[in-house]
Structures are given as C-alpha cells and as structure tokens.
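# Coordinate analysis (summary)
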Amino acid sequence: MSKKIGSLLLPINVEQIQELLPHRYPFLLVDRVIEIVPDVSVVAIKNVTINEPFFQGHFPGHPVMPGVLIVEAMAQAAGLLTQISRRMKGDTGSPLFYLVKVDNARFSAPVVPGDQLRFEVSLKRLMRGMGLFVARTLVDGNEVASCELMCAARTEK
C-alpha cells in the first residue's frame with residue numbers, strides 16, 4: 001500500500017532516489033525507501049545480487065559485500081532522510097552532504113548475494129550544518145552491521 005509523503009509516494013523507488021542523491025551506478029547503493037518519519041528516521045532497502053561489480057574481486061569463489069560499502073549505503077540512507085525531510089518542508093534546494101566521520105562500526109555477519117539489506121537510520125542530533133546519525137543494517141531481521149555517521153553540508157568557498 002502506498003503512502004504519500006509530501007510530493008513523494010512511499011515506497012520511494014530508485015528513479016526518485018536518483019532525484020534526491022547524486023550517486024549513480026555502481027555507487028548508488030539504495031534501491032528503495034519504505035518508511036520515513038521526517039527529521040527522525042528512515043528505513044531503506046538494497047537487494048544484493050551476484051551481478052554487483054565488487055563481487056568479481058571480493059572474493060572470487062566466496063562473494064562477500066565489502067563492509068565499507070555497507071557503511072556507504074547506510075550513509076546514503078542518512079542522506080535520503082535529510083533530503084526527503086527538506087523536500088517535505090518545501091525546500092527544493094539540494095545541498096550536498098559529505099560523510100565526515102564514522103564511529104563504532106561493527107560487522108557481525110557477512111553479506112552475500114541474495115541478501116536483502118534493511119537500513120535503519122535515525123537522526124541523533126543536528127547542529128551547525130552537521131548531522132549525527134545512528135545506523136544499522138539487518139538481513140532477515142538479524143543485525144549484520146552498525147555504526148554512527150556524521151555528515152556535513154558542503155560549504156561554498
């Protein structure tokens with residue numbers, strides 16, 4: 001069942017995500033947004049397939065999604081929380097936010113082809129153009145990764 005969020009309709013699909021984030025293949029790592037509470041939290045999905053370009057070398061015969069890409073995907077979900085929340089307030093400008101810090105990253109299980117990643121990201125604090133987020137990734141209801149992320153709005157020089 002669809003739910004209207006401002007001018008967007010949940011679930012937010014990959015075409016809409018591309019309007020919100022600058023990332024493109026092979027670095028767009030979020031397929032869908034399925035839940036959002038503006039300025040509070042977001043739930044997003046990525047379907048992991050054997051066709052991912054990183055599996056060719058990580059690792060031949062034993063494909064495992066690199067942890068750094070799981071962290072990047074959680075950061076992209078945080079970016080979607082920020083961008084969707086701004087859109088809902090009528091702010092159509094899209095400043096870029098950059099990942100500036102990752103703390104307490106933990107990986108508790110490998111991510112392999114066929115897994116569906118569920119990213120749960122919450123805004124912990126927003127201050128002076130910087131957001132602190134708590135993020136976790138689940139597969140089949142089990143946590144496979146977690147971290148805290150800090151993102152900063154790009155400042156023009």
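Report follows, based on the coordinates. Bear in mind the structure is a predicted one, so any value in this text is a computation, not a measurement. (Residues numbered from 1 in each chain as written. Predicted model: local features only at pLDDT ≥ 70, side-chain atom pairs only at ≥ 80, totals over all residues. Heavy atoms only, no water.)

The next point concerns helix α2 (residues 67-88). Relative to the 32 Å expected for 22 residues at 1.5 Å per residue, α2 spans 32 Å between its end C-alpha atoms, a close match to the ideal helical length. Extensive coverage of α2 is indicated by the burial of 16 of its 22 residues. Phi turns positive, to about 90°, at Gly-90, one or two residues after α2. (Helix = DSSP H or I, 4+ residues; strand = E, 2+ residues; numbered from the N terminus. Expected span 1.5 Å × (residues − 1). Buried < 20%, exposed > 50% of the residue type's maximum accessible area, 1.4 Å probe, protein only.)

Here Asp-103 is to be found in strand β5 (residues 97-107). Counting along the chain gives 44 residues from Asp-103 to Cys-147, while the straight-line C-alpha distance between them is 5.9 Å. Each residue touching Asp-103, except ones within four places of it in the same chain, is listed here: Cys-147 and Glu-148. Reaching out from Asp-103, the side chain makes a polar contact with the side chain of Lys-101 at a distance of 3.4 Å. (Contact = heavy atoms within 4.5 Å. Polar contact = N/O pair within 3.5 Å; in protein donor to acceptor, adjacent residues only side chain to side chain.)

What follows deals with the pattern of salt bridges. This structure, assessed with the given rule, holds nine salt bridges. Of the charged contacts, one joins Glu-143 and Arg-136 as a salt bridge, the two residues approaching to 3.2 Å between their closest N and O atoms. Judged by its relative accessible area of 34%, Glu-143 falls in the partly exposed class. (Salt bridge = Lys/Arg side-chain N within 4 Å of Asp/Glu carboxyl O.)

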